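# Breakdown of the fold
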Amino acid sequence: IGTWLGATPEILLQTNNRQLTTMSLAATQEHIGTDKIVWKKKELREQQLVTAYIAHVLSDKVSDLKISDRESVRAGNLWHLRTKLTGTLNEGVLFDIIKALHPTPAVCGLPMRTAKSFILENEGYHRAYYTGYLGELNFTSEKRRSSRRSNQENQVYKAISTNTTLFVNLRCMQLVENKTRIYVGGGVTLDSDPEKEWQETVAKCQTMLRVLGNR
């Protein structure tokens, strides 16, 4: 399978014990030296579709679900729209949540089954690990209550936490022998302009191209 390297800006999910954080990340603009970003109807709609889907699939698996205000975030030379979703995991649902969140509408489309069938029939190449996810699952760490030598009594107390951090494998490259394959994509909606969508994928390649020395 070669070697894979990623520059993804998107977290599929992050947990600390039973506390969950995930996000909808969609819409793209190039950074042109200003932090004043204006998003158009197509981009706002695209991002809202992803947010609504994630909120729906989490509704019976997470309690106290909170949805943040939409914000513009920068990742390298690009801007995106992001909404964070947080809550408390119900018992024993982590793997159900992973299955529900993957694939996200941003990489598969909506309605999910119809879009997936269309992609498999028409995309024309094998994605391999592109648009999958990667990270640490149920990673256990411990933290002692006090690190001061003078407080030896508290040294015996420690907090143990179980953490998971999974990223959506976007903007990645695969190294096979002496070849490099770069994978990027874009979200296509009814309002999309094909030329602009193409330019967006070109912009998304730049982070990895700079690593390779093609400036």
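What you are looking at is a predicted structure, and each value in this text was computed from that prediction instead of being measured.

Residues His 102 and Pro 103 are joined by a peptide bond in cis, for which omega reads 0°. Relative to the elements of secondary structure, Pro 103 occurs in the loop between helix 2 (94-101) and helix 3 (105-108). Along the chain, Leu 110 connects to Pro 111 via a cis peptide bond; the corresponding omega equals -10°. Along the chain, Pro 111 falls in the loop between helix 3 and helix 4 (112-122). The backbone phi angle of Ala 27 is positive, close to 75°, even though this residue is not glycine. Following the sequence through the fold, Ala 27 ends up in strand 3 (residues 19-30).

Okay, the sheet that holds strand 10 (residues 179-183) next. Reading across the sheet, the three strands line up as 1-9-10 and stay open at both edges, with antiparallel pairing between neighbours. The open sheet terminates on both sides in strands that have one partner only, identified here as strand 1 (3-6) and strand 10. Strand after strand, the sheet turns through a mean of 20° between neighbouring axes, direction not considered. Alignment of strand 9 (residues 172-176) against strand 10, held across five bridges, turns out to be antiparallel. Across the sheet, Gln 174 pairs through a bridge with Arg 181, a residue of strand 10. The sheet strands contacting helix 5 (residues 194-212) are strand 9 and strand 10, and the helix crosses strand 10 at an angle near 160°.

Now for the layout of surface pockets. Of the voids in this model, the largest pocket is the one considered here, and its volume is about 990 Å³. If you go around the largest pocket, you meet 39 residues; those closest to its centre are Pro 105, Ala 106, Gly 186, Gly 187 and Val 188. Secondary structure elements with two or more residues in the lining of the largest pocket: strand 3, helix 1 (41-58), helix 3, helix 4 and helix 5. When residues in the lining of the largest pocket are grouped by element, the largest group, five residues, is from helix 5. Tallied by class, the residues present in the lining of the largest pocket amount to 20 nonpolar, nine polar and 10 charged. In this structure, the second largest pocket occupies an estimated 450 Å³ of space. Thr 28, Gln 29, Glu 43, Lys 196 and Glu 200 are the residues nearest the centre of the second largest pocket, which is lined by 18 residues in total. Looking at the lining of the second largest pocket, the elements that each hand over two or more residues are strand 3, helix 1 and helix 5. Here the element with the most residues in the lining of the second largest pocket is helix 5; it accounts for five residues.

On to the nonpolar core. Residues Leu 13, Leu 20, Ile 54, Leu 58, Ile 97 and Leu 101 are the most contacted members of the largest nonpolar core, which totals 28 residues. Counting only elements with at least two residues in this core, the list comes to strand 2 (11-16), strand 3, helix 1, strand 6 (78-89), helix 2, helix 3 and strand 8 (158-168). Looking at which element gives the most residues to this core, the answer is helix 1, with six residues. Discounting residues that sit within four places of it in the chain, Leu 58 has contacts with Leu 20, Thr 22, Leu 65, Ile 97 and Leu 101.

Conventions we followed
Residues numbered from 1 in each chain as written. Predicted model: local features only at pLDDT ≥ 70, side-chain atom pairs only at ≥ 80, totals over all residues. Heavy atoms only, no water. Helix = DSSP H or I, 4+ residues; strand = E, 2+ residues; numbered from the N terminus. Pairing = 2+ DSSP bridges. Axes fitted to C-alpha atoms, helices over the stretch in contact; angles between N-to-C directions. Contact = heavy atoms within 4.5 Å. 1 Å grid on protein atoms, 1.4 Å probe; cavity = no way out; pocket = protein on both sides within 12 Å on 5 of 7 lines; lining within 4 Å. Points joined across faces, edges and corners; volume = space filled by probe spheres on them. Nonpolar A, V, L, I, M, F, W, Y, C, P; charged D, E, K, R; others polar. Core = buried A, V, L, I, M, F, W, Y, C linked by side-chain atoms within 4.5 Å. Buried < 20%, exposed > 50% of the residue type's maximum accessible area, 1.4 Å probe, protein only.

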